[in-house]
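Here are the chains, one letter per residue:
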Amino acid sequence: LAKTTQPISMDSYEGQEVNITCSHNNIATNDYITWYQQFPSQGPRFIIQGYKTKVTNEVASLFIPADRKSSTLSLPRVSLSDTAVYYCLVAFNQAGTALIFGKGTTLSVSS
Amino acid sequence: DGGITQSPKYLFRKEGQNVTLSCEQNLNHDAMYWYRQDPGQGLRLIYYSQIVNDFQKGDIAEGYSVSREKKESFPLTVTSAQKNPTAFYLCASSSGAAGNQPQHFGDGTRLSIL
């Protein structure tokens, strides 16, 4: 049974690097991992996507180890405006496509 | 400005009524999705459509129905068979196959039972 697991909450201070890990069992070689950010009463917003090794864009990095049983979203130098809920999504492409979201990690950034 | 428009933002339903949630996109995306979000939960897939006139059930399709007559539109009907419909409903679209392209989300419809 495909499943994604992430921590319920994390706390940080402005300027720190934050790493949020998502565990995903039964992931295949070409299954994509995507991270989204959500503010209250809004739809999620795309942050980053990848399926192996490391991906970096202007706001975040995504690290996927060789065994692919987990992935880590890295947010460099967070600010107060990064306080939000972060979701990982795994597209399990086995016997059809299953889009499985984690239950979300609430990140609280303080000054 | 391209995006996903969901309407209404808030919707109230009486017991035994069907209600339809609207979702329109002008991104020219082939794939569209409906999710349900409950407090403290992740998003759960209700239905998705990868092409016009075709759609597939997600994990929690019971009590819901959809249609995809136009590329831009993917309405969701919450039927009276859905016994616990109170939730935040999110519509999304993507340019390619489900999962390997980023999804663009609307800002949701909050459905409540009167």
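Refer to the structure printed above.
Please read these numbers as outputs of a predicted model, since none were measured by experiment.

(A) The pairing of strand E4 (residues 33-38) of chain A, seen in detail. Residue and element names in this part refer to chain A. In terms of burial, E4 is a largely internal element, six of the six residues being buried. By the alternation rule, side chains of E4 split into Ile 33, Trp 35 and Gln 37 and Thr 34, Tyr 36 and Gln 38, which are all buried. Judged from the five bridges that link them, E4 and strand E5 (residues 45-50) form a sheet pairing that is antiparallel. The residue bridging Trp 35 from the neighbouring strand is Ile 48, located in E5. As defined by bridge partners, E4 adjoins strand E9 (residues 84-93) across six bridges and the pair is classed as antiparallel. By the bridge assignment for E9, Ile 33 is matched with Val 90.

(B) Highlighting the layout of surface pockets. What the largest pocket holds in volume is close to 780 Å³. Taken together, 35 residues line the largest pocket, and the ones lying closest to its centre are A:Lys103, B:Gly40, B:Gln41, B:Gly42 and B:Leu43. Secondary structure elements with two or more residues in the lining of the largest pocket: strand E1 (4-5), E9 and strand E10 (97-101) of chain A together with strand E5 (43-51), strand E9 (87-94) and strand E11 (109-113) of chain B. Partitioning the lining of the largest pocket into residue classes produces 15 nonpolar, 14 polar and six charged. Approximately 160 Å³ is the volume attributed to the second largest pocket. Together, 11 residues line the second largest pocket, and A:Arg45, A:Phe46, B:Gln103, B:His104 and B:Phe105 are the ones closest to its centre. The set of elements that each furnish at least two residues to the lining of the second largest pocket consists of E5 of chain A together with strand E10 (104-105) of chain B.

(C) Structural context of empty space enclosed by the protein. Taken as a whole and assessed by the stated rule, the structure comprises one cavity of 30 Å³ or more. Of the volumes computed, that of the largest cavity is approximately 30 Å³. Lining the largest cavity, in full, are A:Ser41, B:Lys9, B:Tyr10, B:Phe88, B:Asp107, B:Gly108 and B:Arg110. Classifying every residue of the lining of the largest cavity by side-chain character gives two nonpolar, two polar and three charged.

Rules of the game
Residues numbered from 1 in each chain as written. Chains lettered and ligands numbered in written order. Predicted model: local features only at pLDDT ≥ 70, side-chain atom pairs only at ≥ 80, totals over all residues. Heavy atoms only, no water. Buried < 20%, exposed > 50% of the residue type's maximum accessible area, 1.4 Å probe, protein only. Helix = DSSP H or I, 4+ residues; strand = E, 2+ residues; numbered from the N terminus. Pairing = 2+ DSSP bridges. 1 Å grid on protein atoms, 1.4 Å probe; cavity = no way out; pocket = protein on both sides within 12 Å on 5 of 7 lines; lining within 4 Å. Points joined across faces, edges and corners; volume = space filled by probe spheres on them. Nonpolar A, V, L, I, M, F, W, Y, C, P; charged D, E, K, R; others polar.

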